[in-house]
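Single-letter residue listing:
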Amino acid sequence: MHPSNLSEFPSPERVVFSVDDDPNDRLLLSHLLERPGLDYTCRFFPGGGEVMDALIKVLRGAPAPLACFLDLNMGRMSGFDVLRWIRCQDALDAVPVIMMSSCEDPQKLHEAREMGAQCYVKKFPSAEELHHIIEEAQHYATDRSMPMAFHLPYNLLLNAVPHMAVA
């Protein structure tokens, strides 16, 4: 489960992308994905620009990832910036985006939902929760009639309500 080049993908349905500027968080996610029953290769990216470069290769015909995990708060480009770009690419509509953050601000949750994220989980999900998220991603990629947000008890988007302006 170590970073690899796009040409080294074992199988497109077994690859997930993860974008996080914190090397310790990338390492933790790597360990979670290495648990028994989770046989996924994860390509790690330290920032939005790097994952966008990889996704441009997908737009040009490279295999698409099963899902894209995005850290919300990163240095130069936020997870929202990356999510906005992904959702502007029609060819990436089937790639579910899972936002990961320690922030549970209702406005951020609402924004993630409105921008087209399928899941928003608190850092860090357990290996079992991660397994369920990836199972939902597989269903989402093949069944476009699924609801936009994954119906998982720890998906914070399910409780996101529109932000009400205070008068």
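Definitions and cut-offs
Residues numbered from 1 in each chain as written. Predicted model: local features only at pLDDT ≥ 70, side-chain atom pairs only at ≥ 80, totals over all residues. Heavy atoms only, no water. Helix = DSSP H or I, 4+ residues; strand = E, 2+ residues; numbered from the N terminus. Buried < 20%, exposed > 50% of the residue type's maximum accessible area, 1.4 Å probe, protein only. Contact = heavy atoms within 4.5 Å. Areas by Shrake-Rupley, 256 points an atom, 1.4 Å probe, with all protein chains shown as cover. Pairing = 2+ DSSP bridges. Axes fitted to C-alpha atoms, helices over the stretch in contact; angles between N-to-C directions. Core = buried A, V, L, I, M, F, W, Y, C linked by side-chain atoms within 4.5 Å. Parallel < 35°, antiparallel > 145°, perpendicular 65-115°, else oblique. Nonpolar A, V, L, I, M, F, W, Y, C, P; charged D, E, K, R; others polar. Salt bridge = Lys/Arg side-chain N within 4 Å of Asp/Glu carboxyl O. Expected span 1.5 Å × (residues − 1). Arc of directions from axis to C-beta. Polar contact = N/O pair within 3.5 Å; in protein donor to acceptor, adjacent residues only side chain to side chain.

Draft legend 1. Geometry of the overall build of the protein. A count of helical and extended segments in the protein gives 5 helices and 5 strands. Mapped in sequence order, the helices and strands of the protein form the string β-α-β-α-β-α-β-α-β-α. In the protein, which comprises 167 residues, the share counted as buried stands at 49%. Taking contacts inside the protein between residues at least 6 apart in sequence as the whole, the part at least 24 apart equals 70%. Counting only carbon and sulfur atoms, one obtains 52% of the accessible surface of the protein, whose full area is about 8300 Å².

Draft legend 2. Quick look at the sheet that holds strand S5 (residues 119-122). Strand order in this open sheet of 5 strands is S2-S1-S3-S4-S5, and the pairing throughout is parallel. The sheet is open, and its two edges are formed by strand S2 (41-45) and S5, each paired on a single side. Put simply, the sheet's adjacent strands are angled 20 degrees from each other on average, direction ignored. As judged from the 4 bridges shared by strand S4 (residues 97-101) and S5, these two strands associate in the parallel manner.

Draft legend 3. Up close: the nonpolar core. Ranked by internal contacts, the top residues of the largest apolar core, which has 29 residues, are Val51 and Met99. Of all elements in the fold, only strand S1 (15-19), helix H2 (48-59), strand S3 (67-71), helix H3 (79-87), S4 and helix H4 (106-115) reach the threshold of two or more residues within this core. What Val51 contacts, discounting residues up to four positions off in sequence, is Phe17, Val19, Phe45, Cys68 and Val82. If you look at the next biggest cluster of nonpolar residues, it comprises 23 residues, including Val16, Leu33, Phe69 and Met100.

Draft legend 4. Examining the packing of helix H1 (residues 23-33) against helix H5 (residues 127-142) more closely. It is the contact of H1 with H5, at a shortest axis distance of 9 Å, that shows an interaxial angle of 80 degrees. The angle between H1 and H5 falls in the class roughly perpendicular. In this structure, H1 contributes Leu29, Leu32 and Leu33 to the contact, and H5 contributes Ala127, Leu130 and Ile134. Taken together, the residues of the contact of H1 with H5 break down into 6 nonpolar, no polar and no charged.

Draft legend 5. Quick look at the pattern of salt bridges. Counted by the stated rule, this structure contains 5 salt bridges. One salt bridge in this structure joins Asp20 and Lys123, with 2.7 Å as the shortest N-O distance. A residue pair is termed long-range when its members are at least 10 positions apart, and Asp20 in the loop between S1 and H1 and Lys123 in the loop between S5 and H5 qualify at 103 residues. The exposure class assigned to Asp20 is buried, which follows from its relative accessible area of 5%. For the salt bridge of Lys123 with Asp71, the shortest nitrogen-to-oxygen distance reads 3.1 Å. Taken together, the residues Lys123 in the loop between S5 and H5 and Asp71 in strand S3 connect sequence positions 52 residues apart. Three or more residues joined by partner-sharing salt bridges are found here, namely Asp20, Asp25, Asp71 and Lys123.

Draft legend 6. Molecular detail of H2. The terminal C-alpha atoms of H2, which comprises 12 residues, lie 16 Å apart, in line with the 16 Å expected from a rise of 1.5 Å per residue. Looking only at H2, the buried set comprises Gly48, Val51, Met52, Ala54, Leu55 and Val58. For H2, the buried positions fall inside an angular range of 160 degrees around the axis, keeping them on one side. In the stretch just after H2, Gly61 is the one whose phi turns positive, near 120 degrees.

Draft legend 7. Fine view of H4. Listing the buried residues of H4 in full gives Leu109, His110, Ala112 and Met115. Against the buried residues of H4 lie H3, S4 and S5. Capping the start of H4 is the job of one residue whose side-chain oxygen sits 2.9 Å from the backbone nitrogen of Gln107: Asp105. Looking one or two places after H4, you find Gly116, whose phi comes out positive at around 105 degrees.

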